[in-house]
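Structural characterization, general
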Amino acid sequence: MSDWKLPLDQLRQPIELEEDYDGHLYAPIEDVTERLNQVFDGLWDVEILERDFLEQTDETLVKVRVTFHTLEGVPNIVKEALGGNKVVRLNKNNEIKSLTDSFESAVSQGIKRAAKRIEVALRKQFQNPALNNNEPTRNTSNNQSSSQNQNDRSKSNGDDLDRNKILKKVEQVRKDRGLNEREAKTMMVNSFNKAGTKDCSTKQLKEFLEILQKKRCEECREEISKKVVGFCKNNENRFDGKILCMNCQKEY
Ligand SMILES: [Zn+2]
């Protein structure tokens, strides 16, 4: 799938919204999953990373990871999102009607949120043709991938030195921020669809460093101001702890 215009257009087709009992509009989960099946040929799956019942707020909460398997030659798109649902209690005895149903609704919300975020990911792939071509996925041959990067890297020794400096700095900033390796890896997958630093070009590493330094948006890599960073910190829960540009904030 070297042309991302078609899936992007498919994804952007409006979904007919329905109204719930409180008059809120929502996209039915069946329509969202059908759309995803259409765009990804059914090749997407959901993992539930965490689940919790919050007694204080009477809510179920889940963290999901949705993996969208793209076709050969393009990295898979992985998105994590939170989903929540207020449990329904019976009038007569105030008991919870069905915790399972509530968890299921929470998962649906997580999938919808993750699906919104893939639009950004697809747009990036589409706008940056370098991401489309010649960059094999983790599914295809690793040898090919590393030899290609090797070629990239051996262009000049100066670049190599630069690269090592950046890698050291990335490690340092990661530790300073108290992020573990897994968390940093998730950030890298979210912003570059790359599983590790060795798969990144030097330019991408520089940008990743700036993401870690909170100079760029975690999702679209746009440069951001300190004011925006402050806003994200004040709204940690809403943004899943992410530092996002104003545009990407809208999706939360
Ligand atoms: Zn952004």
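Criteria and thresholds
Position labels on residues start from 1 in each chain and follow its written sequence. The model is predicted, so local features are restricted to residues of pLDDT at least 70 and side-chain atom pairs to those at 80 or more, both for listing and for counting; the totals for chains, interfaces and linings are taken over all residues. To get the side-chain values, all heavy atoms of the structure are used, and hydrogens and water are removed first. Secondary structure elements follow DSSP: runs of H or I no shorter than four residues count as helices, runs of E no shorter than two count as strands, and numbering proceeds from the N terminus. Note on classification: 1.4 Å probe, protein chains only; a residue is buried when its accessible area is under 20% of the maximum for its type, exposed when over 50%, partly exposed between these limits. Definition of nonpolar core: a set of buried residues of the types Ala, Val, Leu, Ile, Met, Phe, Trp, Tyr and Cys, connected through side-chain atoms within 4.5 Å. Here, residues are in contact when the closest pair of their heavy atoms is within 4.5 Å. In this description, a donor is an N, O or S atom within 2.8 Å of the metal centre, a cutoff extended to 3.2 Å for sodium, potassium and calcium. Water is not part of the atom list, which can make sites seem incomplete. For four-coordinate sites, all angles between 85 and 135 degrees define a tetrahedron; for four- and six-coordinate sites, opposite donors beyond 155 degrees with the remaining angles between 65 and 115 define square planar and octahedral shapes respectively, and all other cases count as irregular. Salt bridge, as used here, is a side-chain nitrogen of Lys or Arg placed within 4 Å of a carboxyl oxygen of Asp or Glu.

Notes on the environment of Cys220
- Among the structural elements, Cys220 can be located in the loop between α8 (202-212) and α9 (226-234).
- The partly exposed category is assigned to Cys220, whose relative accessible area is 22%.

A short note on the nonpolar core
- In terms of nonpolar packing, the biggest core is built from 21 residues, with Leu36, Phe40, Trp44, Phe68 and Ile118 touching the most fellow members.
- Elements supplying a minimum of two residues to this core: α2 (29-40), β4 (59-68), β5 (77-86) and α3 (99-127).
- It is α3 that contributes the most residues to this core, seven residues altogether.
- Discounting chain neighbours no more than four positions away, the residues touching Leu36 are Leu11, Asp41, Trp44, Phe68, Ile111, Ala115 and Ile118.

Quick notes on the environment of Leu205
- Assignment of secondary structure puts Leu205 in helix α8.
- Here Leu205 falls in the buried class, since its relative accessible area comes to 0%.
- Distance from Leu205 to Leu167, taken between C-alpha atoms, is 7.5 Å for residues 38 residues apart in sequence.
- In contact with Leu205, other than residues within four places in its own chain, are Arg163, Ile166, Leu167, Val170, Thr197 and Cys200.

Things to note about the coordination of the zinc ion
- Looking at the zinc ion, the protein donor atoms are Cys217 (SG), Cys220 (SG), Cys245 (SG) and Cys248 (SG), and they sit 2.3 Å from it.
- Viewed at the metal, the four donor atoms of the zinc ion are separated by angles of 105 to 118°, and the geometry they form is tetrahedral.
- Sequence spacing of the donors to the zinc ion: C-x2-C-x24-C-x2-C. Highlighted residues: Cys220 in the loop between α8 and α9 and Cys245 in the loop between α9 and α10 (246-249), separated in sequence by 25 residues.

Observations regarding the pattern of salt bridges
- Going through the model one piece at a time under the given rule, you end up with 14 salt bridges.
- Across the pair Arg89 and Asp58 runs a salt bridge whose closest N-O atoms are separated by 2.7 Å. One end of the pair, Arg89, is in the loop between β5 and α3; the other, Asp58, is in the loop between β3 (44-54) and β4, with 31 residues separating them in the sequence.
- Look at Arg89 and you get partly exposed, because its relative accessible area is 31%.
- Among the salt bridges present, the one from Lys63 reaches Glu80, with a minimum N-O distance of 3.7 Å. One end of the pair, Lys63, is in strand β4; the other, Glu80, is in strand β5, and 17 residues separate them in sequence.

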